[in-house]
Amino acid sequence: MLGLVKPSLPVLSDKKLSGLEKRKVIIVGAGIAGLTSAYFLKKHGFDVLVLEQNDTPGGRMRQIELGGLTVNTGARMLYTFYSVVMELIDELGLENDIEYLGMSELTCHDGQQRYPISFSPNLSLLFNSHIDLASRLKLINILPALLKARFATNPDDMGTCDYLDSESMESYIERKVGKGFLRKIVNPLFRGARNWNANEVSPAFFLTSSAHMSGHKAFTFKQGIGHLAEKLASGLNIDYGVTVNSIQRNAGDSKVLVDYNEQGKQCQLEADLLVCATEGAKITDLITGKSPAEALFFPKIKYNPLGIVYYVLDKIDKHEITFYTQEHPSTLAILETVNSADNKHHLFCELTPESAQIMHANQNQTRMDSLIKEDVRKLYPELDKQLSYSVNQWIEHMLPVFYPGYISSLKAFRQQQSASAQSIYYCGDYLSQALVGGACASGKESAMQIINHWNRQ
Ligand SMILES: Cc1cc2nc3c(=O)[nH]c(=O)nc-3n(C[C@H](O)[C@H](O)[C@H](O)COP(=O)(O)OP(=O)(O)OC[C@H]3O[C@@H](n4cnc5c(N)ncnc54)[C@H](O)[C@@H]3O)c2cc1C
């Protein structure tokens, strides 16, 4: 426990540690970005304290109990092309904990027919007779862009794909391949896996991620997706159950003041430096007295919400994942039949982006099952016979939306951050890539900036 309550403000940065005065860094948020930043800063001799509102580490990369079910808060799989993730696995000796994942057989339904789809662009697309022949023949047009992205971009950093920041994914795919490929493959995959519509994002995500899949593997950990975060956290000083309300630069000196709430008590801490590692959507409310660069960049950050309903059933016959196209008359983007590790059979029903927006607008996130149940009955006729109970999971900030033009804003902000010493630094997926690999790389980048700016002074 922090135990520092206003007005008695023992200044942690004044502590002498091992005879050397160490710089005190507070990190707000124990998601994978904050933990990675803390890990590298501690390794370089900084005195680091992490403040986390939840009672476990990992943010959107862990598992929690919800209505008697074990559910993911976000990420389900990692890829071996996440370079900082792989570096940490190596440093922490977690190689033997990796569990490689086979390619799931995915199907898609467009209201008329069911057909196979896959996450990575591959040759089988050429023979998929459910896509019109003209689109299939034009697939070749995308090959040079994928090859260029493989060599010219870093999959952990969408900033390296700024040459594709000016148009939407929808117009890019229509222009290069055609509407058929967009409707049948790209849109259902993006709506399902990311809950984004192709007209809302730039093609940078598709190119930076898809171009690097070939030759790499998807994996999780035998202990669960939160294992990496737990291992990182075990070597760090973290206070859980602490909600930070405001962060401000102290006018009198270069220190940072953090107001937080712990067990109903309002408290304050002071640090030499701070890394803000919360979801990007929250930072504008947290930072008081923004610099001109912060005031310019923060309003540009957007996240999308996600709604999931789990129907717990007596039995499931087989595991299947179905994505639905935008033309399918359903409130669902994905329906998956799951036999989970804790032996709870359930249907995983992910709402379409439009249904999630309706729930958000009506503040009806605890009653999502009532919106989709009729559709689930049609798609899974055994529902009523087998249903035990349902659980609603709402994720307010699912993923940063890399809409056309956003990459140039984030690059300008990152450049400003790295150019000279700051007292407040930032990391998270919204500064890099909407994947664990990006969040982790951004965490390391924030630590390296601090080390470069402050270790020499
Ligand atoms: C449904 C879903 C599926 C996904 N699937 C994948 C996938 O399969 N593979 C993949 O690579 N990526 C996936 N992602 C993306 C990935 O999970 C995220 O990009 C990544 O985990 C983000 O890490 P982060 O550290 O930037 O943010 P977060 O994990 O969100 O960490 C932010 C932390 O800050 C804490 N915090 C916030 N506000 C405060 C406050 N005021 N005071 C104290 N603490 C605070 C939060 O509790 C949280 O712990 C998925 C995401 C979602 C939501």
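Visitor: Any details on the overall build of the protein? Residues and values, ideally.
Guide: The helix and strand tally for the protein stands at 15 helices and 23 strands. Over its C-alpha trace the protein gives a radius of gyration of 23 Å, about what one expects of a compact globule, namely 23 Å for 457 residues. With respect to the three principal axes, the spread of C-alpha positions in the protein is 70 × 50 × 45 Å. Split into buried and exposed, the 457 residues of the protein put 56% on the buried side. Taken as a whole, the protein presents about 19,500 Å² of accessible surface, with 52% of it coming from carbon and sulfur. Distance between charge centres in the protein, computed from 45 positive and 49 negative side chains, equals 3 Å.

Visitor: Report on the sheet that holds strand 10 (residues 114–117), specifying residues and quantitative values.
Guide: Sheet strands pair by backbone hydrogen bonding; their relative direction is either parallel or antiparallel. Across the sheet, which stays open at both edges, the 7 strands sit in the order 10-9-19-20-21-18-22 with mixed pairing between neighbours. One side of each edge strand has no neighbouring strand; the edge strands of this open sheet are strand 10 and strand 22 (387–400). Taking the axes of each pair of neighbouring strands and ignoring which way they run, one obtains an average angle of 25 degrees across the sheet. Two strands pair when backbone bridges link them, and strand 20 (residues 332–339) and strand 21 (residues 345–351) are joined in this way by 7 bridges, in the antiparallel orientation. When the sheet's bridge partners are listed, Val-338 is paired in strand 21 with His-346.

Visitor: Which residues make up the site of the ligand, and what are the values?
Guide: Around the ligand sit 34 residues in total, of which Glu-52, Arg-60, Met-77, Tyr-82 and Asp-429 are the nearest. Taking Arg-60, its side chain carries an N or O atom lying 2.7 Å from an oxygen atom of the ligand. Measuring from an oxygen atom of the ligand, one finds a backbone N or O atom of Val-436 at 2.9 Å. For the ligand, whose accessible area on its own is 1,000 Å², the fraction buried by protein is 95%. Of all the secondary-structure elements, those providing two or more residues to the shell around the ligand are helix 1 (32–43), strand 4 (47–52), strand 13 (242–249), strand 22 and helix 15 (436–454). Element by element, the count of residues in the shell around the ligand is highest for strand 13, at 3 residues. For the shell around the ligand, the class distribution of residues is 17 nonpolar, 10 polar and 7 charged. Inspection of the shell around the ligand shows a minimum of three residues originating in each of domain 1 (12–61 + 223–301 + 402–454) and domain 3 (303–400).

Visitor: Give me the lowdown on the pairing of strand 11 (residues 218–221), citing residues and values where you can.
Guide: Alternating positions in strand 11 separate into two faces, Ala-218 and Thr-220 on one and Phe-219 and Phe-221 on the other, with burial throughout. As judged from the 2 bridges shared by strand 7 (residues 78–79) and strand 11, these two strands associate in the antiparallel manner. Each bridged residue has a counterpart across the sheet, and for Leu-78 the counterpart in strand 11 is Phe-219. Relative to strand 11, strand 8 (residues 98–100) runs antiparallel, the two sharing 3 bridges.

Visitor: Describe a nonpolar patch on the surface, with residues and values.
Guide: Together, Met-77, Leu-101 and Phe-119 make up an exposed nonpolar region whose accessible area comes to about 210 Å². Looking at where Leu-101 falls in the secondary structure, it is placed in the loop between strand 8 and strand 9 (106–109). Here Leu-101 falls in the partly exposed class, since its relative accessible area comes to 32%.

Visitor: Summarise the environment of Leu-383; cite the residues concerned and give the values.
Guide: As for its position among the elements, Leu-383 is in helix 13 (residues 383–386). Residue classification places Leu-383 among the buried positions, given a relative accessible area of 0%. Discounting residues that sit within four places of it in the chain, Leu-383 has contacts with Tyr-311, Leu-313, Leu-347, Lys-373, Val-376 and Arg-377.

Visitor: Tell me about the nonpolar core, and name the residues and values.
Guide: Side chains of nonpolar character tend, in soluble globular proteins, to be buried together. One finds Leu-41, Ile-247 and Tyr-426 to be the most contacted residues of the largest nonpolar core, which totals 131 residues. Apart from the residues lying within four places of it in its own chain, the contact partners of Leu-41 are Val-25, Ile-27, Phe-46, Val-48, Val-275, Ala-447, Ile-450 and Ile-451. Val-309, Tyr-311, Tyr-324 and Leu-332 belong to the second largest nonpolar core, which has 16 residues in total.

Visitor: Summarise the domain arrangement of the protein; cite the residues concerned and give the values.
Guide: Considered domain by domain, the protein is made up of domain 1 (12–61 + 223–301 + 402–454), domain 2 (123–128 + 135–214) and domain 3 (303–400). Counting from both sides, the interface comprises 10 residues of domain 1 and, opposite them, 5 residues of domain 3. Together domain 1 and domain 3 conceal approximately 640 Å² of surface at their shared face, both sides included; 66% is due to carbon and sulfur atoms. Ranking the residues of domain 1 by area buried against domain 3 places Arg-60, Ala-281 and Ala-434 at the top, with a combined share of 50%. Between the two partners, domain 1 and domain 3, sit 0 salt bridges.

Visitor: Lay out helix 11 (residues 353–361) with the relevant residues and their values.
Guide: For helix 11, the complete set of buried residues consists of Pro-353, Ser-355, Ala-356 and Met-359. Buried residues in helix 11, looked at end-on, bunch into an arc of 160 degrees, giving them a common side. Tucked inside the fold, the buried residues of helix 11 contact helix 6 (179–194), strand 18 (303–313), strand 21, helix 12 (368–379) and strand 22. Directly beyond the C-terminal end of helix 11, a positive phi value near 50 degrees is found at Gln-363.

Visitor: Could you give an account of the sheet that holds strand 11, naming the residues involved and the relevant values?
Guide: Strand order in this open sheet of 3 strands is 7-11-8, and the pairing throughout is antiparallel. Because the sheet does not close on itself, it has two edges, and the strands there are strand 7 and strand 8. Seen against the sheet, helix 2 (residues 83–91) touches strand 7, strand 8 and strand 11 and runs at an angle of roughly 40 degrees to strand 11.

What counts as what
- Per chain, the residues get numbers from 1 upward, laid out in the order the sequence is written.
- At least 70 in pLDDT is required for a residue's local features to be given in this predicted model, at least 80 for side-chain atom pairs to be given and counted, and no such filter applies to totals for whole chains, interfaces and linings, which use all residues.
- Side-chain figures throughout are based on the complete set of non-hydrogen atoms in the structure, without hydrogens or water.
- The helix count covers DSSP runs of H or I at least four residues long, the strand count covers runs of E at least two residues long, and both are numbered beginning at the N terminus.
- Only C-alpha atoms enter the radius of gyration, while the globule expectation follows 2.2 Å times N to the 0.38, with N the number of residues.
- Each residue gets one of three labels from its accessible area relative to the maximum for its type: buried under 20%, exposed over 50%, partly exposed in between, using a 1.4 Å probe on protein chains only.
- For the accessible areas, the method is Shrake-Rupley and the probe is 1.4 Å, while residue cover comes only from the protein chains on display.
- In this count, Lys and Arg are taken as positive residues and Asp and Glu as negative ones, while His and the chain termini are left out.
- Working definition for charges: the position is that of NZ of Lys, CZ of Arg, CG of Asp or CD of Glu.
- For two strands to be treated as a pair, DSSP must find at least two bridges joining them.
- Orientation is described by axes fitted as lines to C-alpha atoms, over the contacting stretch for helices, and by angles from 0 to 180 degrees between their N-to-C directions.
- Near residues are defined by distance, with any heavy atom within 4 Å of the molecule or strand qualifying the residue.
- As used in this structure description, the phrase polar contact means that two N or O atoms lie within 3.5 Å; if the pair is within protein, one of them must be able to donate a hydrogen and the other to accept it, and residues adjacent in sequence are counted only when both atoms belong to side chains.
- Three classes are used: nonpolar for Ala, Val, Leu, Ile, Met, Phe, Trp, Tyr, Cys and Pro, charged for Asp, Glu, Lys and Arg, and polar for all others, with Gly counted as polar.
- For the purposes of this description, domain bounds are those given by an automatic or database domain assignment.
- Every patch collects residues that have over 30% relative accessible area and no salt bridge, joining them within 9 Å if they carry like charges and within 5 Å if they are nonpolar side chains (Val, Leu, Ile, Met, Phe, Trp, Tyr).
- Every case where a carboxyl oxygen of Asp or Glu lies within 4 Å of a side-chain nitrogen of Lys or Arg is listed as a salt bridge.
- By definition, residues are in contact when any of their heavy atoms lie within 4.5 Å.
- The set of buried Ala, Val, Leu, Ile, Met, Phe, Trp, Tyr and Cys residues whose side-chain atoms join them within 4.5 Å is what this entry labels a nonpolar core.
- Put simply, buried area is the surface a 1.4 Å probe can reach on two separate parts but cannot reach once they are joined, added for both.
- Throughout, the arc means that of the directions going from the helix axis to the C-beta atoms.

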